[in-house]
Amino acid sequence: MIHTDILIIGGGPSGLCAAIAAAKSGAEVMLVERSQYFGGQLVKQTHMFFGSEKQYAATRGFDIGKKLVEEVKNSDNIKIFHSTTALGIYEDGVVTLEQKFESEEIYLKVQAKSLIVTTGALEKSLPFPNNDLPGIYGAGAVQTLMNEYLVKPGKRVLMVGAGNIGLIISYQLLQAGVEVAGIIDASPRIGGYLVHASKIRRSGVPIFTGYTIVKAEGTDHLEKATIAKVDQHWKPIPGTEKEMNVDVMCISVGLTPSSAFFWQGGCEMEYVRELGGYVPKRNRYLRTTVGNIYVAGDSAGIEEASSAMVEGSIAGLAASHDLGFVYEGYNREIEELLQELEGLRGGEKGIHIRRGYNKVGF
Amino acid sequence: MNQRINKHPIIDIPLRQKIKFFYNGKEFFGFEGETIASALHAAGITKLSESIKHHRPRGFYCAIGNCSSCFMRVDGKPNVKTCVEPLRENMVVENQEGRGSII
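Worth saying up front: this structure is predicted, and the values here are computed from it rather than measured.

Undergrad: Explain the overall build of chain A residue by residue, including any values.
TA: Each helix and strand counted, chain A has nine helices and 19 strands in total. The C-alpha atoms of chain A give a radius of gyration of 21 Å, which matches the 21 Å a tight globule of 362 residues would have. Seen through its C-alpha atoms, chain A measures out along the principal axes to roughly 65 × 50 × 35 Å. Within chain A, the proportion of its 362 residues that are buried is 50%. Contacts in chain A between residues far apart in sequence, at least 24 positions, make up 63% of those at least 6 positions apart.

Undergrad: Kindly report on the interface of chain A and chain B, identifying the contributing residues and their values.
TA: Interface size is commonly expressed as the accessible surface area that is lost when the partners come together. Listed per partner, the contact involves 29 residues of chain A and 30 residues of chain B. Only β7 (121–123), β8 (136–138) and α3 (139–148) of chain A provide two or more residues apiece to the side of chain A that touches chain B. Among the elements that make up the side of chain A that touches chain B, the one with the highest residue count is α3 of chain A (six residues). Classifying every residue of the side of chain A that touches chain B by side-chain character gives eleven nonpolar, twelve polar and six charged.

Undergrad: Tell me about the pairing of strand β15 (residues 248–251) of chain A, and name the residues and values.
TA: Residue and element names in this part refer to chain A. Side chains of β15 alternate between two faces, with V248 and C250 and M249 and I251 buried alike. Bridge count between β8 and β15: three bridges; the pairing is parallel. By the bridge assignment, Y137 is partnered in β15 with C250. As judged from the four bridges shared by strand β9 (residues 156–160) and β15, these two strands associate in the parallel manner.

Undergrad: Tell me about the environment of G26 of chain A, and name the residues and values.
TA: Residue and element names in this part refer to chain A. Relative to the assigned elements, G26 resides in the loop between α1 (13–24) and β2 (29–32). The class of G26 is partly exposed, set by 13 C-beta atoms lying within 10 Å. G26 sits 21 residues away from D5 along the chain, and the two C-alpha atoms are 9.8 Å apart. With sequence-adjacent residues up to four places away left out, G26 is seen in contact with N77 and F325.

Undergrad: Describe the packing of α1 of chain A against helix α7 (residues 305–322) of chain A, listing the residues and the values that go with them.
TA: Residue and element names in this part refer to chain A. Packing of α1 against α7 leaves a shortest axis separation of 7 Å and a crossing angle of 35°. Note on packing geometry: the crossing formed by α1 with α7 is right-handed. Together, P13, S14, G15, L16, C17, A18, A19, I20, A21 and A22 of α1 and A305, A308, M309, E311, G312, S313, A315, G316, L317, A319 and S320 of α7 make up the contact between the two elements. Split into classes, the residues belonging to the contact of α1 with α7 amount to 14 nonpolar, six polar and one charged.

Undergrad: Got a sec to walk through helix α8 (residues 330–344) of chain A? Specific residues and values, please.
TA: Residues and elements named next belong to chain A. The end-to-end C-alpha distance of α8, which contains 15 residues, comes to 21 Å, matching closely the 21 Å that a straight helix rising 1.5 Å per residue would cover. Taken together, the buried positions of α8 are L337, E340 and L344. Looking straight down α8, one finds its buried side chains confined to an arc of 60°; they lie on one side. Opposite its buried face, α8 presents the exposed residues N331, R332, E335, Q339 and E342, each directed more than 90 degrees away. Among the structural elements, α7 are those in contact with the buried residues of α8.

Undergrad: Which residues make up α7 of chain A, and what values go with them?
TA: Since there are 3.6 residues in each turn of an α-helix, residues three or four apart along the chain are aligned in direction. Residues and elements named next belong to chain A. Here α7 is 18 residues long and its end C-alpha atoms lie 25 Å apart, about the 26 Å a rise of 1.5 Å per residue gives. Across the 18 residues that make up α7, a large majority, 16, are buried. A positive phi of about 95° marks G324, the residue just after α7.

Undergrad: Please set out the sheet that holds strand β6 (residues 77–81) of chain B residue by residue, giving values where relevant.
TA: Strand-to-strand pairing in sheets goes through backbone hydrogen bonds, with the strands running parallel or antiparallel. Residues and elements named next belong to chain B. As summarised here, the arrangement of the five strands in space is β2-β1-β7-β5-β6, forming an open sheet in which the pairing is mixed. The open sheet has two edge strands with one neighbour each: β2 (26–31) and β6. In this sheet, neighbouring strand axes are inclined to one another by 40° on average, regardless of whether the strands run parallel or antiparallel.

Undergrad: Account for the pairing of β6 of chain B, with residues named and values stated.
TA: Taken residue by residue, a regular strand's side chains alternate between the two faces of the sheet. Bridging between strand β5 (residues 71–74) of chain B and β6 of chain B involves three bridges; their strand directions are antiparallel. Opposite M72 of chain B, over in β6 of chain B, you have V80 of chain B as the bridge partner.

Undergrad: Pulling in residues and values, what's your account of unusual backbone geometry?
TA: Residues other than glycine predominantly adopt negative phi, and peptide bonds predominantly adopt the trans conformation. Of note in the backbone geometry, N130 of chain A takes a positive phi value of approximately 65° without being a glycine. Within the element layout of this structure, N130 of chain A appears in the loop between β7 and β8. You will see that D75 of chain B, though not glycine, has its phi angle at about 50°, which is positive. Of note, D75 of chain B is situated in the loop between β5 and β6.

Undergrad: Residue-level account of the environment of S198 of chain A, with values.
TA: All names here are of chain A. Within the fold, S198 resides in helix α5 (residues 194–202). Residue S198 is classed as exposed on the basis of its 12 C-beta neighbours within 10 Å. The spacing of S198 and H321 is 123 residues in sequence and 46 Å in space, taken between C-alpha atoms.

Undergrad: How would you sum up the sheet that holds strand β12 (residues 211–217) of chain A? Please name residues and give values.
TA: Residue and element names in this part refer to chain A. Pairing in this open sheet of three strands is antiparallel, and the strands run β12-β13-β14 from one edge to the other. Each end of this open sheet is capped by a strand with a single partner; those strands are β12 and β14 (242–244). Adjacent strand axes in the sheet meet at a mean angle of 25°, parallel and antiparallel pairs treated alike. Direction of pairing for strand β13 (residues 224–229) relative to β14: antiparallel, over a ladder of three bridges. Note on β14: the bridge partner recorded for I227 is K242.

How each quantity is defined
- Residues numbered from 1 in each chain as written.
- Chains lettered and ligands numbered in written order.
- Predicted model: local features only at pLDDT ≥ 70, side-chain atom pairs only at ≥ 80, totals over all residues.
- Helix = DSSP H or I, 4+ residues; strand = E, 2+ residues; numbered from the N terminus.
- Rg over C-alpha atoms; globule rule 2.2 N^0.38 Å.
- Buried ≥ 20, exposed ≤ 12 C-beta atoms within 10 Å, placed from the backbone.
- Contact = placed C-beta atoms within 7 Å.
- Nonpolar A, V, L, I, M, F, W, Y, C, P; charged D, E, K, R; others polar.
- Pairing = 2+ DSSP bridges.
- Axes fitted to C-alpha atoms, helices over the stretch in contact; angles between N-to-C directions.
- Left-handed = near helix turned anticlockwise from the far one by under 90°.
- Expected span 1.5 Å × (residues − 1).
- Arc of directions from axis to C-beta.

Below, the structure is given as C-alpha cells:
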C-alpha cells in the first residue's frame, strides 16, 4: 500500500496545476496519468492561447504543457506515475492503479488523505446512419493523429460543428495539407470566435450554418456524406440535401465530463446541460460533497484549458490547506485565482458557462 | 498510400527511428513514439475492428483510449487499445474476432 497526502488522478493541465499548487505547502503529492505523457490534450494544441499573461496567452498549447511538466518534475514533493491508470475507488478510500511497463502490468493500491480528480472529458458523437464507419472521427482524434503522430486523417474532410474546436481543427487540417470540404453546424450562427471563422473563410473553406448531417456511406471506410438544411425544430428539410465526397468526417459537437470516479466515490451529482453532462456538486474551492474529493478541469464542467489550469491551482491549494498544511500566501493567492476564474468566465461568451456553474454550488 | 505529414508550418518534423511490425502476417513500418493505430492509419489501414454482432467495420473514434473501437490482438493479447499502445519493434498486430479470448 502506498500512502500519500494527496492523490491526483489525471496529468492534464488541471492535474499538473493542482500538483504544483498542492506541493507548495509541503503536502506529499502523487500524480497519476494513464498515458505515457503528461500534459493531457495540451500536447496536441498547436495554436496560441488567448486570455491574460497569467494563463500563458500567446503561448502555444504544447509549450504550456512542457512548462508545467517541467515544474512538476522539479518539485521534490511530487511523485509522478505515467502509463498508470486509476481503476477504481473503494469504500475505505483506497484507489487501485494499474501501471504499465512495455508488455507487463503491475497493480498498486494507494491510500491518500485527499483525492483531486482531474479526469477530463470524453468526445460526444451524433446519431445518424453509418456513424460508426472508419473515417468518422472525433475532433480530438483528428487533432491527435495529425499534431501528435504527424499522420493525415485522410484527403478531404467534412467538419461537423462550427464551435471553436471545429474551427481551430479545420485550420490545423489546412496547415497539415488536408483539404477541408466544408464546415457545417445545425445552429443558425457560428458558435466559435469570429476571428477563427474569418481565418477559415479567407482560406476558402465554406461554413454552412443551419445544416446537419443526414447520413454517411461507404463499405469499409467513409466515401460520401449527405448534409441537409434544418427547419426551426432542427429537422432536415427534404429536398435540401447535398452530397459531399469526403473520406473523413470530423465530429466536433462537444465533450462530456468524464465522471466515473465521482459516481464511484459517492459524490452528489447533477446533470447540467451547460457543463456538458453529469458533474459533481462542489463549493467554490472545488470540494465535492465527499469531503476529501476535489474536482477541477473538464471533469468539473466543459470549458477550456485556461480555466482548467486555474481550477487545478485552486483545488490543489484548497486540498492541502484543508489537510492542515500551512502556506503563507494561501488567502491572497486563492482569492486571486477565484477572481481570475471569474474573469475567464466573464462577458457575453461566458453567460452560458456561468449559468451552468450556478447550478452546481453547495 | 502514405498519409505522413512531411511539412508543417508550426510543428518541427523530427527524425525518428523506423520500427518494423507485423499486421495480419505482413511486414509494416512505423516510427518510434507513435501508436499502433497511427502507424496503421499512415499505411492506409483504417478498419481496425468489427462490431461483435453485425460485423460492422470500426476504426478508432477518440484516439485517446476512451471509446474502445480500436481493440486488436497484439502479441497474442486481445482487446489492446491500439490507439494508445506504443509501437514496438517486431510487434505482431492482428484483427481480432469477437470479444477476444485469452485461452
